[in-house]
Amino acid sequence: VKLVTELSETIAAIASAPGHAERGLIRISGNDVMIVLSQLFDFAETPDPKIAQRYQGRVRFEGDLAVAASTYLWPTERSYTGQPMAELHLPGSPALLEMVLEAVFKHGARPAERGEFTLRSFLAGRIDLPQAEAVLGVIDAFDHQELNTALRQLAGGLSGQVTDIRTALIEVLADLEAGLDFVEEDIEFIELPELLRQLTACRDKV
């Protein structure tokens, strides 16, 4: 029950690297994304509630202060987290990003836990477990080899191989079951040497 409640909450965090940069990102995810944005972001045009799109506008603060920004908005569940999601793109000043993040929290979001965006993506079926683990691998990589391995896994390298093995085994099983269905007619859909060859190939891949 606690997990379900937490998943229904709107979360936010700085999603860009620490330090000064030309651009900084704040990611927001949850059912109340539009409510949060409506209280601090002035859209230059009315957002479309059905499609993902980039919008120009500005983030406003108390005291008539504002800063130009853009928002990448996923208003439906077809986002990385499987929830309505937005990314605020602003000048990459750490002080500014912290200021905007505090405003986001003030208007209804809570701080995201470490890895919570990835957790939501996994639970929504947007990524599988090896890819979720690969996100951590990318973050914790110490050298180029570890980074390249994690990036391949994130792109579906391991998952793709597992899918290929599963598909091959399902096809073998279908041939075996078809043979059982027609056993009285002495029809053999896959011969024993070929069966062993395919099973051995799957074993070798594992």
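Everything in this summary refers to the structure shown in the same document. (Residues numbered from 1 in each chain as written. Predicted model: local features only at pLDDT ≥ 70, side-chain atom pairs only at ≥ 80, totals over all residues. Heavy atoms only, no water.)

**As for the packing of aromatic side chains**
For any two aromatic rings, the description comes down to two numbers: the centre-to-centre distance and the angle of the planes. Inspection of every chain in the model, using the stated rule, returns 2 aromatic pairs. Each ring, one from phenylalanine 41 and one from phenylalanine 43, has its centre 4.8 Å from the other, and the planes form 80 degrees; the classification is edge-to-face. Here the aromatic rings of phenylalanine 43 and tyrosine 55 are separated by 5.5 Å at their centres, their planes lie at 85 degrees, and the arrangement is edge-to-face. Of the two residues, phenylalanine 43 sits in strand S3 (residues 41-43) while tyrosine 55 sits in strand S4 (residues 53-60), which places them 12 residues apart along the sequence. Taking the relative accessible area as the measure of exposure, tyrosine 55 reaches 1% and is therefore buried. Three or more aromatic residues joined by ring pairs make a cluster, and in this case those are Phe41, Phe43 and Tyr55. Positioned above the aromatic ring of phenylalanine 117 is the side chain of arginine 27, whose terminal nitrogen or guanidinium carbon lies 5.6 Å from the ring centre. (Phe/Tyr/Trp six-rings, centres within 6.5 Å; stacked < 30°, edge-to-face > 60°. Helix = DSSP H or I, 4+ residues; strand = E, 2+ residues; numbered from the N terminus. Buried < 20%, exposed > 50% of the residue type's maximum accessible area, 1.4 Å probe, protein only. Lys NZ or Arg CZ within 6 Å of the ring centre and 35° of its normal.)

**A look at helix H8 (residues 192-205)**
In an α-helix, one turn spans 3.6 residues, which is why side chains three or four residues apart end up on the same side. With 14 residues, H8 extends 20 Å from end C-alpha to end C-alpha; this agrees with the ideal 20 Å at 1.5 Å per step. Looking at H8, one finds that the buried residues are Leu195, Gln198 and Cys202. The arc that holds the buried residues of H8, viewed along the axis, is 70 degrees, so those residues lie on one side. Those residues of H8 that are exposed and aimed more than 90 degrees away from the buried face are Leu192, Pro193, Arg203 and Asp204. (Expected span 1.5 Å × (residues − 1). Arc of directions from axis to C-beta.)

**Notes on the side chain of serine 79**
For serine 79, the position within the fold is in the loop between strand S5 (66-74) and strand S6 (85-92). There is a polar contact of 2.5 Å between the side chain of serine 79 and the backbone oxygen of glutamine 83. In contact with serine 79, not counting residues within four places along its chain, are Trp74, Met85 and Arg126. (Polar contact = N/O pair within 3.5 Å; in protein donor to acceptor, adjacent residues only side chain to side chain. Contact = heavy atoms within 4.5 Å.)

**Some thoughts on the pairing of strand S2 (residues 21-29)**
Within a regular strand, side chains alternate between the sheet's two faces. Direction of pairing for strand S1 (residues 11-14) relative to S2: antiparallel, over a ladder of 4 bridges. Its bridge partner lying in S2, alanine 13 is registered against arginine 27. Hairpin connection between S1 and S2: a loop of 6 residues separates the two successive antiparallel strands, and glycine 19 in this loop has a positive phi of roughly 100 degrees. (Pairing = 2+ DSSP bridges.)

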